[in-house]
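# Coordinate inspection notes
Listed here are the chains, written in short residue letters.
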Amino acid sequence: MSKERTLSIIKPDATRRNLTGKINALLEEAGLRIVAQKRIRLTPEQAKAFYIVHKDRPFYHELVSFMVSGPVVVQVLEGENAVAKNRDVMGATDPAKAEPHTIRAQFAENIEANSVHGSDSLENAAGEIRFFFSEAEIVP
Ligand code: ADP
Ligand code: MG
């Protein structure tokens, strides 16, 4: 076990339905600590750059449009095994396949508007955190 940090994003479908607090409660109940958080509107350039790994997937342009369609809440989560723990509490990408207790099973609208993003590895987490936050903005 080791203390890790991961990047989480509460996506526009969830901010639109005023679900930030409910999602944060599930993250905190899972043992994750929100050590940085800000509500922002992504620019198309930011959304394209953030999801550049998916640039050849058929859903890339729709995903970028969705991510700029409303505010998002970007946050740094800290805790033991935070990367895997957050992926567990998020649930599967497709909410129809997500375990019932997960954020996506409870709140996601569909496979695209699936309420949350979470880094998928410790290495990607470091890069994604740097994408949005300076070290001074992270307050454990
Ligand atoms: P995850 O967010 O679970 O890590 P991916 O990294 O594979 O999933 O995909 C990034 C995001 O792209 C998903 O969270 C979702 O918003 C969107 N997405 C993934 N697969 C599809 C799909 N088949 N159709 C539309 N959007 C998708
Ligand atoms: Mg992913």
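About the criteria used
Residues numbered from 1 in each chain as written. Chains lettered and ligands numbered in written order. Predicted model: local features only at pLDDT ≥ 70, side-chain atom pairs only at ≥ 80, totals over all residues. Heavy atoms only, no water. Core = buried A, V, L, I, M, F, W, Y, C linked by side-chain atoms within 4.5 Å. Buried < 20%, exposed > 50% of the residue type's maximum accessible area, 1.4 Å probe, protein only. Helix = DSSP H or I, 4+ residues; strand = E, 2+ residues; numbered from the N terminus. Contact = heavy atoms within 4.5 Å. Near = heavy atom within 4 Å. Polar contact = N/O pair within 3.5 Å; in protein donor to acceptor, adjacent residues only side chain to side chain. Areas by Shrake-Rupley, 256 points an atom, 1.4 Å probe, with all protein chains shown as cover. 1 Å grid on protein atoms, 1.4 Å probe; cavity = no way out; pocket = protein on both sides within 12 Å on 5 of 7 lines; lining within 4 Å. Sits in = over half its atoms within 2 Å of the grid points. Nonpolar A, V, L, I, M, F, W, Y, C, P; charged D, E, K, R; others polar.

### Some words on the nonpolar core
Where a protein is soluble and globular, its nonpolar side chains tend to be buried together. One finds Leu7, Ile9, Met67, Val76, Phe132, Phe133 and Ile138 to be the most contacted residues of the largest nonpolar core, which totals 21 residues. Mapped onto this core, the elements with two or more residues apiece are β1 (3–10), β2 (33–40), α3 (44–50), α4 (60–67), β3 (72–80) and α7 (122–132). When residues of this core are assigned to their parent elements, the largest contribution, five residues, is made by α4. If we ignore the near neighbours within four places in the chain, the residues touching Ile138 are Arg5, Val35, Ala36, Val76, Ile129 and Phe133. Listed in part, the 15 residues of the second largest apolar core include Leu19, Leu26, Leu77 and Val116.

### Observations regarding the site of ligand 1
Around ligand 1, the structure places Lys11, His54, Arg57, Phe59, Leu63, Arg87, Thr93, Arg104, Ile111, Glu112 and Asn114. Within the side chain of Asn114, one N or O atom sits 3.0 Å away from an oxygen atom of ligand 1. Summarising the interface, the protein chains cover 80% of the accessible area of ligand 1, which totals 530 Å² for the free molecule. Using a 2 Å cut-off from the grid points, one finds that ligand 1 occupies the largest pocket. Its residues assigned to classes, the shell around ligand 1 shows three nonpolar, three polar and five charged.

### Comments concerning the environment of Gln37
The residue Gln37 is located in strand β2 in this model. In this structure the C-alpha to C-alpha distance between Gln37 and Val139, which are 102 residues apart in sequence, comes to 9.8 Å. Polar contacts involving the side chain of Gln37 include one to the side chain of Asn24, which spans 3.1 Å. A polar atom in the side chain of Gln37 sits 2.6 Å from the side chain of Gln75.

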